[in-house]
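Spelled out from the first residue to the last, the chains are:
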Amino acid sequence: MHYSRRRCLCILGAPLSGLILDHVHWLGVSSWWWLLILEGLPAIVCGVLTYLLLPSRPTEAKFLTSEEKDWITAAVAREDEEKRGKHQISAMRTLVDAKVWHLAAIGFTMANGLYAMSFWIPQLVRSFSRLYSNTVVGFQVMIPHLVGLVAMLLVSGSSDRNLERRYHIAIPASIGGIALFLLGRTSSPFFSIALLTLLASGIYSLYGPFFSLPSQFLTGFSAASGIVLISSVANLGGFVGPYAIGAINARTGSLYGGLAAVGISLFLSAALILVLPKEPRSVTP
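Residues numbered from 1 in each chain as written. Predicted model: local features only at pLDDT ≥ 70, side-chain atom pairs only at ≥ 80, totals over all residues. Heavy atoms only, no water.

## Brief notes about empty space enclosed by the protein
Evaluated as defined, the whole model comprises one cavity of 30 Å³ or more. As a volume, the largest cavity reaches approximately 50 Å³. Contributing to the lining of the largest cavity are G113, A116, M117, W120, L124, L180, L196, L199, I245, L259 and V262. Listed by contribution, the elements that provide at least two residues to the lining of the largest cavity are α5 (98-127), α8 (189-210) and α11 (256-274). Examining the composition of the lining of the largest cavity, we find that five residues originate from one element, α5, more than from any other. By residue class, the composition of the lining of the largest cavity is ten nonpolar, one polar and no charged. (1 Å grid on protein atoms, 1.4 Å probe; cavity = no way out; pocket = protein on both sides within 12 Å on 5 of 7 lines; lining within 4 Å. Points joined across faces, edges and corners; volume = space filled by probe spheres on them. Helix = DSSP H or I, 4+ residues; strand = E, 2+ residues; numbered from the N terminus. Nonpolar A, V, L, I, M, F, W, Y, C, P; charged D, E, K, R; others polar.)

Right, here's the structure in full:
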């Protein structure tokens, strides 16, 4: 859900950003300032509304009937009990569990690609669309995000129907890596947009199956500790990936080396996911 929401924001935000940069110069304030103000306000409002309106547990969900609340509560309790019966480990020990760190490493390599793409797609599109306005570039940037959203829903649905995660992560990661390698080899606007679309489809598709993996062997306080650790390490990729592309670009004068480096990170992500055991052991508080 979190990544679906982020993709929707990218789809809407790309053309909106172009429009703001080209047309909003109110009160003598630079359009860059208005970009930050106007696109930051919805996040603040939604954050407050989420805190006030989002239920914390099934029993607090007003849109569920009493029977539905009881059924969901019982199902969750039953799943937790099954996991607890297989293996027991404290929440603190979860932080040094090898499998949790394995998933964290996968998340890190995946995030290199996700954030590098998110930060650098506009500049890549601008590099072969210099004659176009910011508004036109914004609509061009929207295309990869839009197709990526559709691909993410299709792959996630397939993963759930087949109850298979590893290949639903490894294949999209490999597709994203291939797209990054090829991006540096073309100067055609059409093929560049096509490759960016392939990249977005690959990267966005792997996150749904990936974040279903921790719940297969984590529960209770162990789940909270483990998922926070995985997410924290993964978010470091949000710094490393874009920074690597910028640093390599500054040194070589070309984005290709940075794109290739992030492509290698996605291939590494695919390799790491394939060596995970099919039946992960349980970790419970």
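## What about the packing of helix α7 (residues 166-183) against α8?
As a packed pair, α7 and α8 sit with axes 8 Å apart at the nearest point and diverge in direction by 155 degrees. Comparing the axis directions of α7 and α8 gives the class roughly antiparallel. Helix-helix and strand crossings are classified by hand; for α7 and α8 the assignment is left-handed. On α8, the residues that touch H168, I169, P172, A173, I175, G176, A179, L180, L182 and L183 of α7 are S192, L195, L196, L198, L199, G202, I203, S205, L206, P209 and F210. Of the residues belonging to the contact of α7 with α8, the class tally is 16 nonpolar, five polar and no charged. (Axes fitted to C-alpha atoms, helices over the stretch in contact; angles between N-to-C directions. Parallel < 35°, antiparallel > 145°, perpendicular 65-115°, else oblique. Left-handed = near helix turned anticlockwise from the far one by under 90°. Contact = heavy atoms within 4.5 Å.)

## With respect to the packing of aromatic side chains
Applying the stated criterion across every chain yields a total of six aromatic pairs. Geometrically, the ring pair formed by W26 and W34 is edge-to-face, given 5.3 Å between the ring centres and 65 degrees between the ring planes. Accessibility expressed as a relative area gives 13% for W34, which makes it buried. Plain terms: the ring middles of F210 and F211 are 5.1 Å apart, the flat faces sit at 80 degrees to each other, and that makes the pair edge-to-face. (Phe/Tyr/Trp six-rings, centres within 6.5 Å; stacked < 30°, edge-to-face > 60°. Buried < 20%, exposed > 50% of the residue type's maximum accessible area, 1.4 Å probe, protein only.)

## Some points on helix α6 (residues 134-162)
Here α6 contains 29 residues, and its C-alpha end-to-end distance of 42 Å stays within 8% of the 42 Å for a straight helix at 1.5 Å per residue. Looking one or two residues beyond α6, the residue adopting positive phi is L163, at roughly 50 degrees. (Expected span 1.5 Å × (residues − 1).)

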